[in-house]
Amino acid sequence: MKKIILIVLSILTFTSYAQTASTQKRIIILATGGTIAGSGDSSTKAAYTAGKVPIDDLLNAVPQIHNYGKITGEQIASIGSQDMNIVTWLKLTKRINEIFKNNEADAVVVTHGTDTQEETAYFLDLTVQYDKPVVLVGAMRPSTAMSQDGNRNLLDAVVVAADESSKTRGVIVAMDEKIFDARDVTKTSTTNIETFQSRNYGPIGLIYDGKVKYYYQSLRNPAKKFDVTKLNSLPQVEIVYGYADANANSVYCITNSGPKGIVYAGMGNGNFGAPVGKALAEAAKKGIIVCRSARAGSGRVTLDNEVKDAELGFVVADDLNPQKARVLLMLSLTETNDRAKIQQNFFDY
Ligand code: ASP
């Protein structure tokens, strides 16, 4: 009798273990560098080098992540995100699409420097063709610092990636106990750990004590993504910054370098003074797509109000900040040169 009970118990234990193993989410962590992989000589001084710590060491530093899934890591790059570039963006999105196509994982976490994390997140949001969770994460303090934030952020990002409710939200950024939509999130502080904010709409969810709770969902997550499978580069798009009494030197300099698009980071509602306006209108006449955005940090740039966009041949960025408007303009230009279609993309994506 004792023997039978023991056999039944071991069958039950094995079945429940097998079930846990089969329901465990498979998560691949793609590392690109940044402060989360940064290393310094002192725990109290700010000096450090970004991107030095390899992915295996990052994962070993947070063994708790293995409670939330079957975790593996891959090194995509080892750079500070100030050196992030289009070649690495294409490599990253192609690898993520391949992972989901081959069913290699249920979710992907990307470790990334915070400087350009918002641009990478939006680029992936527009080019990853699958509804599975893709979560970007970083840190403001290097892994060697006192009160470093990277380990906690990495654990939280894995928690978010493993959560069933993270599907179909597009690419998200998880930092400092908050979850942000890739389209809206921006870096707002040079050094503070609470740097990421979505100034227009706020975080879409919160992470606490190993649990995720979503509160909002962006309506800007169109099913049609940009297909970059066959691309090795993107059309050249530059950003010009607006300020009081600006001359048009930088606009002419950029126009002469042969770009397909210019994003203007204008004052207020995307405004410019007369010399810059004239130079931008000349660029638009030459066929360069000129997109007005705003340096203000929140709000949207509205079409044909203070500026006669239709007459001058401009499009507006809606509520995208200049660096994200550049990402959408580069991708739009891979499909069309038509100003009306590109304007529509700024209202849809
Ligand atoms: N310069 C670093 C980077 O973006 C800053 C950081 O990760 O917080 O890679």
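The rules we used
Residues numbered from 1 in each chain as written. Predicted model: local features only at pLDDT ≥ 70, side-chain atom pairs only at ≥ 80, totals over all residues. Heavy atoms only, no water. Helix = DSSP H or I, 4+ residues; strand = E, 2+ residues; numbered from the N terminus. Rg over C-alpha atoms; globule rule 2.2 N^0.38 Å. Buried < 20%, exposed > 50% of the residue type's maximum accessible area, 1.4 Å probe, protein only. Contact = heavy atoms within 4.5 Å. Areas by Shrake-Rupley, 256 points an atom, 1.4 Å probe, with all protein chains shown as cover. Pairing = 2+ DSSP bridges. Axes fitted to C-alpha atoms, helices over the stretch in contact; angles between N-to-C directions. UniProt positions renumbered as here; feature names shortened; annotations may be inferred. Salt bridge = Lys/Arg side-chain N within 4 Å of Asp/Glu carboxyl O. Near = heavy atom within 4 Å. Polar contact = N/O pair within 3.5 Å; in protein donor to acceptor, adjacent residues only side chain to side chain. Expected span 1.5 Å × (residues − 1). Phe/Tyr/Trp six-rings, centres within 6.5 Å; stacked < 30°, edge-to-face > 60°. Lys NZ or Arg CZ within 6 Å of the ring centre and 35° of its normal. Parallel < 35°, antiparallel > 145°, perpendicular 65-115°, else oblique. Left-handed = near helix turned anticlockwise from the far one by under 90°. Nonpolar A, V, L, I, M, F, W, Y, C, P; charged D, E, K, R; others polar.

We now examine the overall build of the chain. Helix and strand content of the chain: 10 helices and 14 strands. Computed over C-alpha atoms, the radius of gyration of the chain comes to 23 Å, within 12% of the 20 Å expected from 2.2 N^0.38 for 349 residues, which places it in the range of a compact globule. Sorting the 349 residues of the chain into buried and exposed places 50% on the buried side. Put simply, 71% of the contacts in the chain that link residues at least 6 apart link residues at least 24 apart. Element-wise, carbon and sulfur atoms account for 53% of the exposed surface of the chain, whose accessible area totals about 16,700 Å².

Moving on, we get to the sheet that holds strand 11 (residues 237-241). Strand order in this open sheet of 4 strands is 11-12-13-14, and the pairing throughout is parallel. The sheet is open, and its two borders are formed by strand 11 and strand 14 (314-316), each paired with just one other strand. Taking each pair of neighbouring strands and ignoring which way they run, the sheet shows an average axis angle of 30 degrees. As judged from the 3 bridges shared by strand 13 (residues 289-294) and strand 14, these two strands associate in the parallel manner. Pairing of C291 across the sheet is with V315, part of strand 14. In this fold helix 10 (residues 339-348) packs onto strand 13 and strand 14, with an angle of close to 15 degrees to the strand it touches most, strand 14.

This part takes up the UniProt feature "domain: L-asparaginase N-terminal" (unreviewed entry) in the chain. The UniProt record annotates "domain: L-asparaginase N-terminal" (unreviewed entry) at residues 26-218. In the segment residues 26-218, helix accounts for 24% and strand for 24%; the C-alpha atoms at its two ends are 26 Å apart.

Now for the pattern of salt bridges. Pairs can form between side chains of opposite charge once their charged atoms are near each other. Under the counting rule described, the total for this entry stands at 16 salt bridges. A salt bridge links E98 to R95, with the nearest nitrogen and oxygen atoms 2.5 Å apart. Within this pair, E98 and its partner R95 are both found in helix 3 (residues 86-101), separated by 3 residues, close to a single helical turn. Exposure remark for R95: the relative accessible area of 15% places this residue in the buried category. Of the charged contacts in the structure, one is a salt bridge between E335 and K224, with a shortest N-O distance of 3.0 Å. Of this pair, E335 sits in the loop between helix 9 (322-333) and helix 10 while K224 sits in the loop between strand 10 (211-214) and strand 11, and the two are 111 residues apart along the sequence. K224 sits in the partly exposed class, given a relative accessible area of 44%. Here the residues in one salt-bridge network are E74, R95, E98 and E104, joined through shared partners.

Further remarks concern the site of the ligand. Surveying the vicinity of the ligand reveals the residues G34, T35, Y48, G80, S81, Q82, G113, T114, D115, A139 and M140. Side-chain polar atom of Q82 to a nitrogen atom of the ligand: 2.9 Å apart, as the coordinates give it. Isolated, the ligand exposes 270 Å² of accessible area, and the fraction of that covered by the protein chains is 93%.

Next up on the list: the side chain of H112. By the secondary structure assignment, H112 is in the loop between strand 3 (107-111) and helix 4 (117-127). A polar contact of 2.7 Å, which involves the side chain of H112, links it to the side chain of T120.

Attention now goes to helix 7 (residues 274-285). Counted at 1.5 Å a residue, the expected span for helix 7 with its 12 residues is 16 Å, and the 16 Å between its end C-alpha atoms agrees. Those residues of helix 7 hidden inside the fold are in contact with helix 6 (249-255), strand 12 (261-266), strand 13, helix 8 (309-312) and strand 14.

The next subject is the packing of aromatic side chains. Considering all chains together, one arrives at 5 aromatic pairs under this definition. Measuring from ring centre to ring centre gives 5.1 Å for W89 and F123, while their planes differ by 15 degrees; the resulting arrangement is stacked. With a gap of 34 residues between them, W89 in helix 3 and F123 in helix 4 connect regions that are remote in the sequence. Using a relative accessible area of 0% as the deciding quantity, one classes F123 as buried. Here the aromatic rings of F226 and Y349 are separated by 5.0 Å at their centres, their planes lie at 35 degrees, and the arrangement is tilted. With a gap of 123 residues between them, F226 in the loop between strand 10 and strand 11 and Y349 in the segment after helix 10 connect regions that are remote in the sequence. Classification of F226 as buried rests on a relative accessible area of 1%. You can call Y349 buried: its relative accessible area is 6%. The structure contains a cluster of three or more aromatic residues connected by ring pairs, namely Y264, F272 and F314. Of note, R169 hangs over the ring of Y214, and the distance from its end group to the ring centre comes to 3.6 Å.

Turning our attention to the packing of helix 3 against helix 4. Helix-helix packing is characterised by the crossing angle of the two axes and by the distance between the axes. Relative to each other, helix 3 and helix 4 sit at 45 degrees, their axes nearing to 10 Å. Viewed along their axes, helix 3 and helix 4 adopt a mutual orientation that is oblique. Along this stretch, helix 3 crosses helix 4, giving a crossing that reads as right-handed. Contacts from W89, L90, L92, T93, I96 and N97 of helix 3 reach helix 4 at E119, T120, F123, L124 and T127. Along the lines of polarity and charge, the residues of the contact of helix 3 with helix 4 split into 6 nonpolar, 4 polar and 1 charged.

It is worth spelling out the sheet that holds strand 5 (residues 172-175) at this point. Taken in spatial order, the 8 strands make up an open sheet running 2-1-3-4-5-6-9-10, and their pairing is mixed. Looking at which strands have only one partner, the edges of the open sheet turn out to be strand 2 (70-79) and strand 10. Across the sheet, the mean angle from the axis of one strand to that of its neighbour is 25 degrees, orientation sign disregarded. In terms of strand pairing, strand 1 (residues 26-33) meets strand 3 through 5 bridges, oriented parallel. Bridged to I27 within strand 3 is A107. Sitting on the sheet, helix 3 touches strand 1, strand 2, strand 3 and strand 4 (134-137), and the angle it makes with strand 1 is about 175 degrees.

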